[in-house]
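Structural features, examined
Residue strings, one per chain:
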Amino acid sequence: MSALLVIASALDGQMSRSALELVGGARALAGPLGGTVAAALLGAPPAVSGAAEVLHQHGVSTVYRVAHDALTTGQSDAVLEAAQAVVQRAEPAVVFITADTVGREVAPRLAYRMRAALATEAMSVEADGQTILVRRQVYGGRAVATLAVTARPAVLSVKPRTLDVPGPSPAAGTVVDVPLAIDPARLAAQVRDRQRQEAEVSLEDAPIVVGGGRGVGGPEGFRLLGELAKALGGAVGSSRPPADEGWVPITWQIGQTGKSIRPNLYIAVGISGAAQHVAGVSGARTIVAINKDPEAPIFSLAHFGLVGDFKQIVPALLERLRAVKGA
Amino acid sequence: MYRAVDFRLSDEHRVVQAAAADFAAREILPLAADLDRSGGFPQEVIRKAAEAGLLAMTVPEAYGGAGLDAVAYVIAQEELARASAGVQTIITVNNSLVCEPILRFGSEAQKRTYLPALASGRSLGCYCLTEPASGSDAMSLRTSARADGEHWILNGTKIFVTNGVEADVCLVYARTGPEPGARGLSAFIVEKRVPGVRVGKIEHKLGIRCSSTAEIVFEDARVPKANLLGEVGQGGRIALATLDGGRLGIAAQAVGIARAALEAARDYARQRTQFGRPIADFQAIQWMLADMATRIDAARLLTLRAAWLRAQDRPHTREASMAKLFASETAMWATHKAVQIHGGYGYIQDYPVERYFRDAKITEIYEGTSEIQRLVIARHTIGTRT
Amino acid sequence: MNTVVCLKQVVDPELPAWDFAIDPATKRQVRTGKPLVISTYDENALELALQLKEKVGGKVTALTLGPAGEVKDAVRLALAMGADEAVVIDDAEAPLRLGPDKAAVLAAAIRRLGAADLVLTGCESADWVERSVAPLLAEMLGAACVTFITALETGAGTVTVRRTAEEGVHVVQARLPAVLSVTSDEAIRPRLPKVKDIMGAMRKPVQQWTPADVGAEAVLPPVEVREVSVPQRTTRCEFLEGDPAQQAQALVERLQALKLI
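Residues numbered from 1 in each chain as written. Chains lettered and ligands numbered in written order. Predicted model: local features only at pLDDT ≥ 70, side-chain atom pairs only at ≥ 80, totals over all residues.

A closer look at the overall build of chain C
Per the secondary structure count, chain C includes six helices and 15 strands. The principal-axis extents of the C-alpha atoms in chain C amount to approximately 65 × 45 × 45 Å. Expressed as a percentage of the 261 residues in chain C, the buried residues total 54%. (Helix = DSSP H or I, 4+ residues; strand = E, 2+ residues; numbered from the N terminus. Buried ≥ 20, exposed ≤ 12 C-beta atoms within 10 Å, placed from the backbone.)

The following block contains the structure:
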C-alpha cells in the first residue's frame, strides 16, 4: 500500500500545529485513495524525540524521523534534503507540506526532484475516486479554483489554519530513523539571523482578532486598536495598505498575501473589504465591521455593521467592555 | 497606397497612457480632494510631474523634453485631468502655452535657455494675453512695448494668468507698433524676476482651485532685446498658433473631467439601492450613463483627430476648436448629469462629483469661450465674410 | 551583477468586483478588453533589481511570458523604468499555464540568455497565487532559493537577503546564482515609469522568442483545472444604529449573547 506522507516539521523546538492539520488532510484521503498515513518528522535532535508519539496518537503509522542540527527554523535547504531522504525511503504517492515560509520554498523544489504533480496553497483536499481535488483561492480571493490531481506522485502544499486538527486516533506505529548526511556549512542558503516581530498574542491562534485598514489612518490609530484587542484578549492584524505603508509590521498582514485566520470573532476597522483581504478572514465565525462609508464592501461580509468614526466608536466600545467586566 | 483609418493607439501612445495613468493614480488622485478644498499650489506634485517629463511632453529630448507628439500629449492630459483638473491646468499651461511657442518660434538660444528649465521644473511658465478690457477680443490688447537701446520697456496689466503666482517665465503679448489689431503685436519671453514685473490681485475661483490665477502688472519692465519671441509684429500669429495647441490641452482636460464624472456616476449607480434595487437598474439612470459615455467618446475622438493633425503638422485650427467646444460642453453636461445621478450626495463634498461639476465650467471659458470656438468653426464652415 | 527579472502581466486586480468574470471555456478570468498591468510583486522585484544595479552596476533584463500582443506594453514600461533590455516569450497559451509549465519555459529562456547571477520574481502572481515559480526555477537552474524577500545586499559570490517569515524576519545568506522571490516593503515601492523615458525605452532592444525557440519542455506531470467558481456571499449585515455609545452597547450585547466575549 502506498503512503500519504506528511512533512511534519519540528524546527523550532516543537512540532507545529500545522503538521497535525496535514495529518487530518492525509487521513481524509487515506481511505478513498487506499493508503496509510506516514510522516516525516524533521528537526534538531532534542526536538524530534517525543513528537513521534503525538503523530502516532493522531493516526500516523510510520514516522520517518530525521534528526539533524541543521533542521532549525527557516532552514529550507536542510528541510528539502531531509524530506527528499524520507521520500526516497518511503516512496509516497502523495506528500503534504505546510505552505509556510519553509514549505513554500520546499514544496515546489521537492516536487521537481520527485518529478511529481504539484498543487500549492490548498485550502481543502478531498478524494474523487482516485483523483485528488484541491481547492484554493485565486484572483485575490474573488474565485475558488478546484484542481484535479491524478498523477502520482503528487506534492500538495496546504495553507496553515485552513484544515482542522483531527481528533486522536491512536495507531500502532513504528519509528524509522532516516540518516541525513549534509554539511550545514555547504547549504546554498543559510539562515544567519532571526528577528522576531510578532505581537504578544499570535495572530493565527487568537480567538479574537481586531484588523485595521487604510481607514485607521496611521500608527496612532493602530495603538487604539491594540487597546481594543487587549481588552478582548485578542490580537491585532491589518489589511494590506497599512503593512505596505509601514504603519504595522508586515507579519500583521491578513489576506491572500499574508495570514489566513479563523478566529471566533473578527472586528474589521477602517477596512474597505478588498477581496485580497477578505480571502484571509473568510474562516472567521463572526465578523463585525466598523467603517465610516456605509457602502463599503466589508458590510456585505459582516454580521454586524457599525457606521461611523472608529475614533469615537472604539473608545465607546472600550468603555462599554470595562463596564461589563466590572459588573 | 490606401490606408484605412486606424483607431488603435500606437505602442508608445499606449505606454504613455499607462505611465500617465500611473502617475495620476499615485501622485495626484490621493491629494485631489484636499487640493481642491485648500486651494494650495501642489508644489510637490509639480516637481514630480517635471521629473516624470510631464511638463514638456512635446519638447524634443535634446532640450530636456519627453520628445513625444501631440497625440501622446492629449492622451496624458486626459489621464491627469481625470484625477485633478486643477493640477492638469498647471501642467497644460506650461506645455501648450509656454514650451510650445518657444519651441516653434524661438531662436536656438532661447530654446537652449528656457526649454530645459521649463521641462525640468526649475522654471514654471505662464501665459499673459488677457487684459481687463480684452478677453475674447484678444487682439485689441493694450499692453505696450517700446524699444529702448538693448531693451524693450513693457507697460500694462494682464489678468486671469494661470500659474501667475508661481511662474518664473511669462509669455507676454504687447503692442510694439501703431498698427491696429494683431499686426501691431509682438510676443516676449519675460522673466518674472526682472524689475517692473509684479503679481497683482490673486483670484478666488469656482473650480481648478489649486492652480493660481493672478493679475500680472508690468511697470517699465525692462526686457532684453534677445527675449523678443519671433519677429516684431508676429505676436498675433504666435498667439493664434499657440491657442490651437492650447485648445487641445483643454479639450483633453474636459474629456478627463467628463470621464471621471461618468466613472463616479456609474460606480454610484451600481451600489446605490433604492426601491429595492441598484439605481443602475432603472432606465432613467441607464440612459443618462449611455449618453454620457457616447458624448465622451465623441469628444475624445475629436480631440485625438485634432492632435493627430497637429502631430502631422497639418492645419488644425478648425478641428482644435471643434474638439475644445464639444469636449468642454460635454464636460459641463456630463458632470451635471453625474451630480443628478448622485442626488443629494452629488451636492456635498463627500463625493467627488461636485468638484468635477465646478471644475468643468472653466473649460467652456478659457482659451476661447464656446462662443469664440463657434465663431472660428463658422468661419471655416461658411468662409470669411466682411 | 547580471539580473533577470520575470514579469507577468495580469488583468488589473483593482478592477471592481462587478467587472470580474470567469470564462467558462478557459476556466480563467476574462482578459479581453480588460486593462492589463504588471503583477504587483513582480514590479517590486523589478524595483529591487534596479536599485541593486544603481548600487553595484550590472545589467537588468526583463523577461516576460505571454501573448506578445498583450505583454509588450509591460515590457516597454519595464524598460522605461530602467531595465536595460527585454525578452518576450510569445506564447498564446501562457495565461493557461500553471506554475511548473511556466517555470519550464522561463528556465529555458534564462539558460539561453546565459550567465544570470540573480533571477528575481514576485513572491506570487496577483491572479493565480501559486508561489511556485521561483523555487521551481531555482531547481531547474541549479541555483539557491529564497522567497518572500524584501531587501538584499551583495557579498563575494553571495547575497544576503531579508525574508519575511511568520514570526518576523529571517536574514538569509545565499550563494550565487540565486533565484529570489520578492514581496513588498516601503523601500522597494516600484518607481513610476516616466513619460520622458518612454521614447528611450522604445529604442531599447527587445528580443522575441517562442517556447519552442528556447527548447522548453514540461517536466512535471500536469494538473487539471477542473472548475473556477465565484462564491456568492449570503451574509446579511445587521447595522447597529445610534451614537457611538449606543452602537457600542448594542454590539457588546450581541457579542455576549453569542458568547463571543
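Examining the sheet that holds strand β7 (residues 131–138) of chain A
Strands sit in the order β6(A)-β7(A)-β8(A)-β14(C) across an open sheet of four strands; the sheet is antiparallel. Every interior strand has two partners, whereas the edge strands, β6 (124–128) of chain A together with β14 (224–229) of chain C, have only one. Across the sheet, the axes of successive neighbouring strands diverge by a mean angle of 25 degrees, strand direction being ignored. Summarising the sheet, β6 of chain A and β7 of chain A pair through five bridges and their orientation is antiparallel. (Pairing = 2+ DSSP bridges. Axes fitted to C-alpha atoms, helices over the stretch in contact; angles between N-to-C directions.)

Overview of the interface of chain C and chain B
Counting residues at the interface gives 14 residues for chain C, matched by 22 residues for chain B. Those elements giving two or more residues to the side of chain C that touches chain B turn out to be α2 (68–81) and α5 (198–203) of chain C. Considering each element in turn, the side of chain C that touches chain B owes the most residues, five residues, to α2 of chain C. When grouped by side-chain class, the residues that make up the side of chain C that touches chain B number nine nonpolar, no polar and five charged. (Contact = placed C-beta atoms within 7 Å. Nonpolar A, V, L, I, M, F, W, Y, C, P; charged D, E, K, R; others polar.)

Regarding the packing of helix α8 (residues 317–342) of chain B against helix α9 (residues 353–363) of chain B
All names here are of chain B. Following both chains from N to C, one finds α8 and α9 inclined at 160 degrees, their axes separated by 8 Å at the closest point. One finds that α8 runs roughly antiparallel with respect to α9. Of the two elements, α8 crosses α9, and the hand of that crossing is left-handed. For the pair α8 and α9, contact is made by Ser328, Ala331, Met332, Thr335, His336, Ala338, Val339 and His342 and by Val353, Glu354, Tyr356, Phe357, Ala360, Lys361 and Thr363, respectively. Classifying every residue of the contact of α8 with α9 by side-chain character gives eight nonpolar, five polar and two charged. (Parallel < 35°, antiparallel > 145°, perpendicular 65-115°, else oblique. Left-handed = near helix turned anticlockwise from the far one by under 90°.)

As for the environment of tyrosine 347 of chain B
All names here are of chain B. Along the chain, the position of tyrosine 347 falls in the loop between α8 and α9. When the C-alpha positions of tyrosine 347 and phenylalanine 357 are compared, they lie 9.6 Å apart, and in sequence the two are 10 residues distant. In contact with tyrosine 347, not counting residues within four places along its chain, are Val339 and Glu354.

Focus on the sheet that holds strand β6 (residues 59–66) of chain C
In spatial order, the strands read β11(A)-β11(C)-β10(C)-β9(C)-β12(C)-β8(C)-β1(C)-β6(C)-β7(C)-β13(C); together these 10 strands make up an open sheet with mixed pairing. Edge positions in the sheet fall to β11 (189–196) of chain A together with β13 (206–209) of chain C, since each has one partner strand and no second. When strand polarity is set aside, the average angle formed by the axes of neighbouring strands in this sheet is 35 degrees. Across six bridges, the pairing between strand β1 (residues 2–7) of chain C and β6 of chain C is parallel. Along β6 of chain C, the bridge assignment pairs threonine 3 of chain C with valine 60 of chain C.

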